[in-house]
Amino acid sequence: MRILIAFTSLSGNTRDVARMVRARCEALGHAVTWVETDIQTLADVTDRPQHDLYLLGSWTDNAGRTPAEMKRFIAELVDAVGKPQRLAVFGTGETQWGEEYYCGAVRRIATFFGTRYPRLEIEQMPHGERDARKIERWTDHVLTCTDHIDKNTPHADPARLDP
Ligand SMILES: Cc1cc2nc3c(=O)[nH]c(=O)nc-3n(C[C@H](O)[C@H](O)[C@H](O)COP(=O)(O)O)c2cc1C
């Protein structure tokens with residue numbers, strides 16, 4: 001599959017998670033388009049915005065908010081491809097902000113797109129075998145679900161998919 005991974009990261013935590021997700025996707029033979037939304041737009045990295053799967057990663061800003069860079073990217077993405085069905089969200093946050101706001105951006109983005117994929121939420125930077133396994137399991141699950149959707153849902157626009 002052609003997979004787009006787009007993320008925002010202020011201090012590197014979400015970038016670390018994104019790198020691990022990317023490594024897993026590539027190890028399984030998928031082609032990844034990589035967007036660092038803090039410094040790149042979608043148009044900067046590809047002239048083929050349609051992908052088979054979109055993975056969006058975000059840290060969470062004040063009181064559960066989505067960072068401005070990710071909001072800007074989402075507006076560009078929706079302009080280019082609409083709200084994709086095959087879209088999953090991951091991110092990092094800190095539980096000290098309280099349950100209501102913990103990883104709030106991940107939840108807001110998932111709600112905005114109405115995604116049915118599970119969310120991946122990591123506390124601060126990913127560390128240890130436990131987080132590594134959690135990230136790998138989530139990535140595998142999202143890929144498997146997408147395969148399942150592909151096999152069971154006729155595409156409105158089959159030409160959209162790469163051969
Ligand atoms: C100004 C500011 C506000 C934050 N607000 C929240 C919040 O509401 N909820 C949360 O879970 N984390 C919050 N955080 C914590 C970050 O989301 C968390 O440290 C995250 O892992 C940073 O990711 P990054 O290293 O990719 O930038 C806040 C951090 C900063 C700097």
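As a reminder, the structure under discussion sits directly above these lines.
Residue indices follow the written sequence of each chain, beginning from 1 at its first position. In view of the model being predicted, local features appear only for residues whose pLDDT reaches at least 70, and side-chain atom pairs are presented and counted only at 80 or more, with totals across whole chains, interfaces and linings using the full set of residues. Based on all heavy atoms of the structure, the side-chain values leave hydrogens and waters out of the count.

**Here we look at the site of the ligand**
To keep it simple, the criterion reads: Being near a molecule or strand, for a residue, comes down to having at least one heavy atom within 4 Å of it. What qualifies as a polar contact is a pair of N or O atoms within 3.5 Å, subject to a donor-acceptor requirement within protein and to the restriction that residues adjacent in sequence count only when both atoms come from side chains. Each accessible area is a Shrake-Rupley estimate made with a 1.4 Å probe; only the visible protein chains count as cover when residues are assessed. Under the DSSP-based scheme used, a helix requires at least four consecutive residues in state H or I and a strand at least two consecutive residues in state E, with every element numbered from the N terminus. Classification convention: Asp, Glu, Lys, Arg as charged; Ala, Val, Leu, Ile, Met, Phe, Trp, Tyr, Cys, Pro as nonpolar; all other residues, Gly among them, as polar.
Contacts to the ligand come from 20 residues, most closely from Ser-9, Leu-10, Ser-11, Thr-92 and Glu-94. Residue Thr-60 places a main-chain N or O atom 2.8 Å away from an oxygen atom belonging to the ligand. Here a nitrogen atom of the ligand sits 3.3 Å away from a polar atom, N or O, in the side chain of Trp-97. Contact with the protein chains removes 85% of the 650 Å² of surface that the ligand exposes when unbound. Elements represented by at least two residues in the shell around the ligand include exactly helix H1 (13–27) and strand S4 (87–93). Partitioning the shell around the ligand into residue classes produces seven nonpolar, eleven polar and two charged.

**What to know about the pairing of strand S3 (residues 53–59)**
Note the threshold: A simple rule labels every residue: compare its accessible area, found with a 1.4 Å probe on the protein chains alone, to the largest value its type can have, and call it buried under 20%, exposed over 50%, or partly exposed in between. For two strands to be treated as a pair, DSSP must find at least two bridges joining them. With its strands directed away from the observer, a crossover is right-handed exactly when the path from the first strand over the helix to the second travels clockwise.
Burial of S3 is extensive: seven of the seven residues sit out of reach of the surface. Burial along S3 is two-sided: Leu-53, Leu-55, Gly-57 and Trp-59 facing one way and Tyr-54, Leu-56 and Ser-58 facing the other are all buried. As paired strands, S3 and S4 are joined by six bridges and run parallel to one another. Bridged to Tyr-54 within S4 is Leu-87. Chirality of the crossover, the property in question, places the unit of S3, helix H3 (residues 68–81) and S4 among those that are right-handed.

**Some remarks on the sheet that holds S3**
Test applied: Between N-to-C directions, angles cover 0 to 180 degrees, with each direction set by a line fitted to C-alpha atoms, over the stretch in contact for helices. Residue contacts follow a heavy-atom distance rule, with two residues in contact if any of their heavy atoms lie within 4.5 Å.
Read from one edge to the other, the open sheet built from five strands follows the order S2-S1-S3-S4-S5, with strand pairing classed as parallel. Lying at the two open borders of the sheet, with one neighbouring strand each, are strand S2 (31–36) and strand S5 (120–123). Strand-to-strand twist across the sheet, computed as the mean angle between neighbouring axes with direction ignored, equals 15°. Both strand S1 (residues 2–7) and S3 contribute to a ladder of five bridges, which runs parallel. The partner of Leu-4 across the bridge, within S3, is Tyr-54. On top of the sheet, H3 reaches S1, S2, S3 and S4; it is set at about 165° to S3, its chief contact.

**Focus on the nonpolar core**
What counts, and what does not: Note on terminology: a nonpolar core comprises buried Ala, Val, Leu, Ile, Met, Phe, Trp, Tyr and Cys residues joined through side-chain atoms within 4.5 Å.
Formed by 21 residues in total, the largest nonpolar core has its most connected members in Ile-5, Val-21, Leu-55, Phe-90 and Trp-138. For this core, the secondary structure elements donating two or more residues are S1, H1, S2, S3, S4, S5 and helix H5 (128–152). Setting aside residues no more than four positions away along its own chain, Trp-138 makes contact with Val-21, Leu-55, Ala-88, Val-89, Phe-90, Pro-118, Arg-119 and Leu-120.

**Overview of the pairing of S2**
With five of six residues buried, S2 lies mostly within the body of the structure. In this region the chain leaves S1, passes through H1 and returns to the parallel neighbour S2; the handedness of that crossover is right-handed.

**Overview of H3**
Here is the rule we go by: What a helix should span is 1.5 Å times the count of its residues minus one. The directions from the helix axis to the C-beta atoms form the arc being described.
With 14 residues, H3 should reach 20 Å at 1.5 Å per residue; the first-to-last C-alpha distance of 20 Å fits that figure. All buried positions along H3 are accounted for by Met-70, Phe-73, Ile-74, Leu-77 and Val-81. Looking straight down H3, one finds that the buried residues subtend no more than 105° of arc, so they occupy a single side. Facing away from the buried side of H3, by more than 90 degrees, are the exposed residues Arg-72 and Asp-79.

**Remarks on the side chain of Thr-37**
You can see Thr-37 is positioned in the loop between S2 and helix H2 (42–45). Ignoring sequence-local partners within four residues, the contact set of Thr-37 consists of Ala-6, Phe-7, Thr-8, Glu-69, Met-70 and Phe-73.

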